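The lines below spell out each chain.
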Amino acid sequence: QVQLVESGGGLVQAGGSMRLSCAASGRTFSRYAMGWFRQAPGKEREFVATITGGGGSTFYADSVKGRFTISRDNGKNTLSLQMNSLKLEDTAVYYCAASRILAVQGATYEYWGQGTQVTVSS
């Protein structure tokens, strides 16, 4: 069982930066690939980024590549998402999730956080 709690969301101006964190419980954090997903109002949930259990490999959605960076600290059981050059279309609820394999499909992920709101204003 893995429990995930996101933090760090809020309001930011377009072009600004924000860092999201996800705190994980349990002693098996490093066994899980971790991902970030987001869901904007009226839209389906979409994949943002994912990272392997050891942190050696990452993969990003084209819409955030070059602007967002996913990272993890297995010693602290934390996952992060550094978001730079934020755009209006990045506004969404952001979720962290845990999966036994590296994947972009949300259905693959077993555990989810409650989400944190990110709002980008003009």
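Look above for the structure.
Along each chain, residues carry numbers from 1 onward, in the same order as the chain's sequence is written. Where totals are concerned, whole chains, interfaces and linings use all residues; where local detail is concerned, this predicted model gives features only for residues with pLDDT of at least 70, and gives and counts side-chain atom pairs only at 80 or more. The side-chain values count all of the structure's non-hydrogen atoms but skip hydrogen atoms and water molecules.

Okay, the side chain of Glu 6 next. Tracing the backbone through its elements, the reader meets Glu 6 in strand S1 (residues 4-7). For each residue, the accessible area found with a 1.4 Å probe, counting protein chains only, is set against the maximum for its type, and the residue is called buried under 20%, exposed over 50%, and partly exposed in between. In this tally Asp and Glu are treated as negative and Lys and Arg as positive; neither His nor the chain ends contributes. Whenever a carboxyl oxygen of Asp or Glu lies within 4 Å of a side-chain nitrogen of Lys or Arg, that contact is scored as a salt bridge. We note that Glu 6 is buried and unpaired, the nearest opposite charge coming from Arg 45 at a distance of 10.0 Å. For the purposes of these results, a polar contact is taken to be a pair of N or O atoms within 3.5 Å, where, inside protein, one atom must be able to donate a hydrogen and its partner to accept one; residues adjacent in sequence count only when each atom of the pair is a side-chain atom. In this structure the side chain of Glu 6 is engaged in a polar contact, spanning 2.9 Å, whose partner is the backbone nitrogen of Cys 96. Engagement of the side chain of Glu 6 in a polar contact is seen with the backbone nitrogen of Gly 115, the distance being 2.8 Å. Elements are defined by DSSP. Helices are runs of H or I of four residues or more, strands are runs of E of two residues or more, and each kind is numbered from the N terminus.

Moving on, we come to the pattern of salt bridges. Following the criterion strictly, the structure yields five salt bridges and no others. A salt bridge links Arg 67 to Asp 90, with the nearest nitrogen and oxygen atoms 2.7 Å apart. Note that Arg 67 is positioned in the loop between strand S6 (58-60) and strand S7 (68-73) and Asp 90 in the loop between strand S8 (78-83) and strand S9 (92-99), a separation of 23 residues in sequence. Using a relative accessible area of 11% as the deciding quantity, one classes Arg 67 as buried. Between Glu 110 and Arg 100 there is a salt bridge whose closest N-O contact spans 2.8 Å. Here the residue Glu 110 occupies a position in the loop between S9 and strand S10 (111-112), and Arg 100 occupies one in the loop between S9 and S10, the gap between them amounting to ten residues. For Glu 110, a relative accessible area of 38% puts it in the partly exposed group. Note on Arg 100: relative accessible area 56%, which makes it exposed. A single network of salt bridges, built from pairs that share partners, joins Arg 38, Glu 46, Arg 67 and Asp 90.

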